[in-house]
Amino acid sequence: MRLKGRLAHRFAESPVLLLRLPAWRSRMVALLIIAAFAALIGRSFYLQVLNNDFLQEKGDSRYRRDLEISASRGRISDRNGDILAVSTPMKSIWAIPADARLSPEQSQQLARLLETDPKELARKLASDKSFIFLHRQIPPETAEKIAALKLPGIGQNTEYRRYYPTGEMTAHMVGFTGIDGKGLEGVELAFQNQLLGHPGSRSVIKDRRGQIVEDVGSIRPPQDGEDIRLALDSKIQYLAYSQLKQAIEQNRAKAGGIAVIDARSGEVLALANWPTYNPNNRESLSGGQLRNRAVTDAFEPGSTLKPFTIALALEKGRVRFDTQIDCAPGKLTIGTATISDSHPHGPLTVAQVIQKSSNVGAAKIAAMLAPQEMWDMFDEVGFGQVPELGFPGEVTGRLRPWKRWRPIEQATMSYGHGISVSLIQLARAYTVFARDGELIPLSLTRQEPGVLKGTQVFSPQTVREVRAMLEMAVLPGGTALKAQVPGYRVAGKTGTAHKLEGGVYADRYVASFVGMAPATEPRLIVAVMIDEPSAGKYYGGEVAAPVFSSVMGAALRTLGVPADASVRVATGDAEKESL
Amino acid sequence: MLRTWESPVRAPAEVDPMLLWSALILLVAGMVMVYSASIAIAEGGRFTGHQPTYFLVRHAVFLCIGLVAAIAAFQLPLKTWQEISPWLFVAGFALLALVLVPGLGRDVNGARRWLPLGVANLQPSELMKLFAVLYAADYTVRKMPHMGDLKKAFLPMAGAMVAVGVLLLKEPDFGAFVVIIAIAMGILFLGGMRARLFAILIVLLLVAFAAMIIVSPYRRDRIFGFMDPWSDAFGRGYQLSHALIAFGRGEFFGVGLGASVEKLFYLPEAHTDFLLAVIAEELGFFGVVAVIALFALIVQRAFAIGQQAVTLDRLYPALVAQGIGIWLGVQAFINMGVNMGLLPTKGLTLPLMSFGGSGIVANCAALAILLRVDWENRQLMRGAKL
């Protein structure tokens, strides 16, 4: 210490040295540098503490992304839980072209896994868009292989693909969804709101190569769509579809439809059309295949409407069960037009008018009714109204206002011409005969009997009488012997309608049959329509009734409905029905 | 041994412990941060062979070489350093010229700053900073009697600086040029060059810088990018805007070591020139303040050691110590100022911390010389002869 002090003293006294290395300069330079560092601390405080909101916002806009977590669409099943439509996860491969700089080798591998032409892939990746899909909905196993390549700028996300295990059999009923997962047809569209899942979201930070680094903020979980359980019974649907298809092939028909309804609950147990399509592969679809004819196409039903005319006349007291109607000579001229029976009849009771299906008889009974009375009845059983099942393209059919009816129109409407209905409307209207006069709404989903409230159209007495007449129609002397079902009493009505083509009735027909069983306490209604049978037979009793018989019989047995008749089927020559 | 341990009077330190610890902490922290900042690009890059430790291993090797260089440098007395300083300066000059020889120098990102040495590249401009300190100090001591004379004291040095400057700007390495000019000017100023002359010189230099910036579009672009990075945030302002975002994300305590997002391919040069931005993001305001404080401490110790040498009538060691202080201080300030958007972007690393072999080795050697000055001071004060 003494040495140091002495040295310091000595140097301090040296003026030369002070002049040479002025201490103030050294202190000033050091101070300048320290001051500059202090400025850096100030700047750092400004950036990190005062202005960090602005900077973090800028950062978030560069690497924070909100991602959608896809939600699966609800399943559609039949009444027994058998799956009709289900979503399975698939992967979609996307690219950010600006980041996707692939080596030739990587491009080759990717093209091979995507099963595309390498040139096509190169063309897509050369796009100036900021985001493109390379391939949508590939199997997860393939997607995993692609992920393992760790390609820059290539990513994938989960999408759901809809599968329809029952395929074409339930195509019109279930419908299908588009690639965006929204329902386009059938139940898929009708129950869109319930089926649709609500995607969740998560906020993530991504690195510049698009890889997720971490989650930020809270995750909103996806809500999967609700499952829908239909009233449909797959077994009955299968029967209905296959029998319809068979009948159409045998009769070389253009198209057809069938509906099976539970008369107690209004549930639609089966609904099928032909032609149909495979909802799992919709690449070559035409509009005709897509049409759910049973609800979208109205046709002139023909004689299947006669029971409504008769029931109204009975209800109003204009005729009784056994009132004689003179149907000779099988022709009736109203104004300038003439209507005729295909086979002339003599005097017929009201019951026989149904049994034999006499147009002249129906027209004469209609003449006892006021146009407004008939219009009101048609309206009450649902004709001219949307059936409101929720299907897309449901038609109202054609029911002209009664004030503009001409007498000939009222006459033809009594036997189902000059009026048009859809098959589902017709089937529903028959609930009045199956339920002692009450019309109930139909339901695509499961429904307990007695829940859906209907409207009373006819009195139970009237309906019992009409049902007896409808039973006569399938017995010897009636038009539809082939509609009989072993073990069950059946009540039903045939229809064979000329088709209107360009305003003129052509020699093309729509054959139909609507019936119910067991007749003592009807459980099921089956309505069958065959469009343009061209293999020779065209009567409803010949073409549609056999379909009814086999579907009804099998359906009743499937549901375990107790028999109400012997298993022997009555035989006899079916008389040719009139138009 | 036991007695020494128990002795209440601790033996006086051989070298300045504050300086030694500050430097060691910065070196070790730098290695950790280089690893953190480089791990993603090392793993993601093809040239690294997808090795996440690619830069860490190299940085550690450079630190070892730096340690060896430091031990070697510490062995040489300042007297010897003074004797060989003109030759070192000439050698540095030759190396700078070699870089520019076609076929010898190596280009990276449009700048020719490296000489390939087989396993690693040598960056002569980093060595030149150290040589400039040693030479400018020697020059100043020799010209001490004529410090007031423009012709004798200033012009030769100015000539040497112009020659070095021409070579550096050819590369181009504007950052090294600024640092070397700052070293030379600073040492002349400390050496007592006339204040008026100095003032004129500063004005002239400012005019020259301004002219260069206006003439060269490359530098002008960099200036504009720094003024408002958000106006062209995905073009000229890209790098700086990401550096600033890193600061903003760090807040007080940072997002945590290793958790930086900016280093995930967003911020270019995260492990070299923009290492401080990653420190700011991961360790926050307090991390940045710690780094600045350690550098301030090193600068303060360098000047204190220099002043101590002055009191011991050791002019050359005094100027060398303070010159090293100026070098590390100025370069750290410029690098950090660039990171924070206070200064235009130029290629300067953060001393002692950033990835870069030549820089680390030169910094270690410089610190060793600084410690040698201190050691010699202490020896003299104990009455020992050198």
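The name given to chain B in an unreviewed UniProt entry is Probable peptidoglycan glycosyltransferase FtsW, and the organism recorded there is Rhodocyclus tenuis. Recorded in UniProt for chain B, the comment headed Sequence similarities (unreviewed entry) runs: "Belongs to the SEDS family. FtsW subfamily." Per its UniProt entry, chain B bears the Function (unreviewed entry) comment "Peptidoglycan polymerase that is essential for cell division."

Chain A is annotated in an unreviewed UniProt entry as Peptidoglycan D,D-transpeptidase FtsI of Rhodocyclus tenuis. According to the UniProt record, the Function (unreviewed entry) comment for chain A reads "Catalyzes cross-linking of the peptidoglycan cell wall at the division septum." In its Sequence similarities (unreviewed entry) section, the UniProt entry covering chain A states "Belongs to the transpeptidase family. FtsI subfamily."

(A) Helix 12 (residues 315-339) of chain B, seen in detail. All names here are of chain B. Here helix 12 spans 36 Å end to end across 25 residues, near enough to the 36 Å set by a 1.5 Å rise per residue. Counting buried positions over the 25 residues of helix 12 gives 24, a clear majority of the element. Just downstream of helix 12 lies glycine 341, where phi reads positive at about 80°.

(B) Here's a closer look at the pairing of strand 19 (residues 491-501) of chain A. Taken across its eleven residues, strand 19 of chain A has nine buried, putting it largely inside the fold. In this structure, the hairpin formed by strand 19 of chain A and strand 20 (residues 504-517) of chain A is closed by a connection of two residues, where A:Gly502 is found at a positive phi of approximately 60°.

(C) Examining the sheet that holds strand 1 (residues 64-69) of chain A more closely. All names here are of chain A. Taken in spatial order, the three strands line up as 1-6-7 in an open sheet, and their pairing is antiparallel. Looking at the sheet topology across the chains shown, the edges are occupied by strand 1 and strand 7 (212-220). Neighbouring strand axes in the sheet, compared pairwise and without regard to direction, differ in orientation by 30° on average. As paired elements, strand 1 and strand 6 (residues 200-206) share six bridges and run antiparallel to each other. From the neighbouring strand, isoleucine 69 faces strand 6, where its bridge partner is glycine 200. Sheet strands touched by helix 4 (residues 52-63): strand 1 and strand 6. Its angle to strand 1, the strand with the most contacts, is close to 45°.

(D) Main features of the UniProt feature "active site" (unreviewed entry) in chain A. Residue and element names in this part refer to chain A. If you check UniProt for "active site" (unreviewed entry), the listed places come out as Ser303 in our numbering. In this structure, serine 303 sits in the loop between strand 11 (298-299) and helix 14 (306-315). For serine 303, a relative accessible area of 0% translates into the label buried.

(E) Representation of the environment of A:Asn193. Residues and elements named next belong to chain A. Position of asparagine 193 relative to the elements: it lies in helix 10 (residues 192-195). Asparagine 193 sits in the exposed class, given a relative accessible area of 67%. For the pair asparagine 193 and glycine 225, spaced 32 residues apart in sequence, the C-alpha separation works out to 8.4 Å.

(F) Seen up close, the nonpolar core. If you look at the biggest cluster of nonpolar residues, it comprises 130 residues, and the most contacted ones within it are A:Phe37, B:Phe295, B:Val320, B:Trp327, B:Met336 and B:Ile369. With 19 residues, helix 11 (residues 275-311) of chain B is the single largest residue contributor to this core. Taken domain by domain, the makeup of this core includes at least three residues from each of domain 1 (15-75 + 229-379) and domain 2 (79-215) of chain B. Ranked by size, the runner-up nonpolar core spans 87 residues in total, among them A:Leu230, A:Val360, A:Ala434 and A:Met529.

(G) Structural detail: the interface of chain A and chain B. Opposite the 43 residues of chain A that make contact, chain B presents 62 residues. Roughly 4,600 Å² of surface becomes buried between chain A and chain B when both sides are summed, with 71% attributable to carbon and sulfur atoms. At the junction of chain A and chain B, the tally comes to zero salt bridges. Run the count over chain A and chain B and you get 16 residue pairs in polar contact (both at pLDDT 80 or more). Those elements that place two or more of their residues in the side of chain A that touches chain B are helix 1 (2-12), helix 2 (15-20), helix 3 (23-50), helix 4, strand 6 and strand 7 of chain A.

The rules behind these values
- Residues numbered from 1 in each chain as written.
- Chains lettered and ligands numbered in written order.
- Predicted model: local features only at pLDDT ≥ 70, side-chain atom pairs only at ≥ 80, totals over all residues.
- Heavy atoms only, no water.
- UniProt positions renumbered as here; feature names shortened; annotations may be inferred.
- Helix = DSSP H or I, 4+ residues; strand = E, 2+ residues; numbered from the N terminus.
- Expected span 1.5 Å × (residues − 1).
- Buried < 20%, exposed > 50% of the residue type's maximum accessible area, 1.4 Å probe, protein only.
- Pairing = 2+ DSSP bridges.
- Axes fitted to C-alpha atoms, helices over the stretch in contact; angles between N-to-C directions.
- Contact = heavy atoms within 4.5 Å.
- Core = buried A, V, L, I, M, F, W, Y, C linked by side-chain atoms within 4.5 Å.
- Domains from an automatic or database assignment.
- Buried area = accessible area lost by both parts, 1.4 Å probe.
- Salt bridge = Lys/Arg side-chain N within 4 Å of Asp/Glu carboxyl O.
- Polar contact = N/O pair within 3.5 Å; in protein donor to acceptor, adjacent residues only side chain to side chain.

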